[in-house]
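# Examining the three-dimensional arrangement
For reference, the chains in residue letters:
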Amino acid sequence: MEILNIIRAVIEIIMFAGICLASIYLIVYLKKFNSVIESINSKISGIESDVKPVLNDISILTGKINDISEKVQKIGNNAEIISGKVVKKTEEAEMYIDEFRDSIVSKLRSAANIIHALNSGFRTFYKKIN
């Protein structure tokens, strides 16, 4: 029983670490992507003064890139919220597992105590009869 609890605890730790690492990787990746898009946006803004004939096309492109960067920021914020929810749900699951384990252990201890009491009673009864 103890080995199963250890295995369960190790699996929970591995799953929790995996979820945390995946969430952190996703957030870092989205922030890097956002900074790249923002650097591209700043470079395009510097080129606007040099290239007057293409200014209309670049302004349209800049607007789209700004929309994309806003969407990426929203995705990054959503990823942070989701990772927080995943951590919360994982902690809740651990609490439920711990409560379940504690209730089972207490019931097993009670059953062992009853068996021990019955065994002791029968031995005492048998010794008194003989």
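Here the structure is shown first, and the text comes after it.
Our subject in this report is the structure included herewith. (Residues numbered from 1 in each chain as written. Predicted model: local features only at pLDDT ≥ 70, side-chain atom pairs only at ≥ 80, totals over all residues. Heavy atoms only, no water.)

So, on to the overall build of the chain. When you go through the chain residue by residue, the secondary structure sums to 2 helices and 0 strands. On C-alpha atoms alone, the chain measures out to a radius of gyration of 31 Å, which is more than a quarter above the 14 Å that the 2.2 N^0.38 rule sets for 130 residues. Each principal axis of the C-alpha distribution contributes one length, and for the chain these read about 115 × 20 × 10 Å. Burial statistics for the chain: of 130 residues in total, 14% are counted as buried. Put simply, 79% of the contacts in the chain that link residues at least 6 apart link residues at least 24 apart. When the accessible surface of the chain is split by element, carbon and sulfur atoms take 67% of a total near 10,300 Å². For the chain, the distance from the average position of its 17 positive side-chain charges to the average position of its 15 negative side-chain charges is 12 Å. (Helix = DSSP H or I, 4+ residues; strand = E, 2+ residues; numbered from the N terminus. Rg over C-alpha atoms; globule rule 2.2 N^0.38 Å. Buried < 20%, exposed > 50% of the residue type's maximum accessible area, 1.4 Å probe, protein only. Contact = heavy atoms within 4.5 Å. Areas by Shrake-Rupley, 256 points an atom, 1.4 Å probe, with all protein chains shown as cover. Lys, Arg positive; Asp, Glu negative; His and termini not counted. Charge placed at Lys NZ, Arg CZ, Asp CG, Glu CD.)

What follows deals with the side chain of Ser-23. Structurally, Ser-23 is set in helix H1 (residues 2-48). Within the local environment of Ser-23, its side chain forms a polar contact with the backbone oxygen of Ile-19, the two atoms lying 2.9 Å apart. (Polar contact = N/O pair within 3.5 Å; in protein donor to acceptor, adjacent residues only side chain to side chain.)

Together, Met-1, Ile-3, Leu-4, Ile-7, Ile-11, Met-15 and Leu-108 make up a nonpolar patch on the protein surface, roughly 740 Å² of accessible area in all. Top element by residues in the nonpolar patch is H1. It accounts for 5 residues. Here Met-1 lies in the segment before H1. (Patch = residues over 30% accessible without salt bridge, like charges linked within 9 Å, V, L, I, M, F, W, Y side chains within 5 Å. Salt bridge = Lys/Arg side-chain N within 4 Å of Asp/Glu carboxyl O.)

Overall, the coordinates contain 6 salt bridges when judged by the stated rule. With its nearest N and O atoms 3.8 Å apart, the salt bridge here joins Glu-80 to Lys-31. With Glu-80 in helix H2 (residues 55-129) and Lys-31 in helix H1, the pair connects residues that are 49 residues apart, well separated along the chain. With a relative accessible area of 35%, Glu-80 lands in the partly exposed category. Ionic pairing is found between Asp-98 and Arg-101, a salt bridge with its closest N-O pair at 3.3 Å. With Asp-98 and Arg-101 both in helix H2, this residue pair falls 3 residues apart, about one helical turn. Residues joined in a network through salt bridges with shared partners are Arg-8, Glu-12, Asp-98, Arg-101 and Asp-102.

A separate point is the packing of aromatic side chains. Applying the stated criterion across every chain yields a total of 1 aromatic pair. Summarising the aromatic geometry, the rings of Tyr-25 and Tyr-29 are spaced 6.3 Å apart at their centres and angled 20° between planes, so their arrangement reads as stacked. With Tyr-25 and Tyr-29 both in helix H1 and 4 residues apart, this pair spans about one turn of that helix. Assessed through its relative accessible area of 58%, Tyr-25 is described here as exposed. Among the residues examined, Tyr-29 registers a relative accessible area of 47% and is labelled partly exposed. (Phe/Tyr/Trp six-rings, centres within 6.5 Å; stacked < 30°, edge-to-face > 60°.)

In short, shape yes, function no, at least from these values alone.
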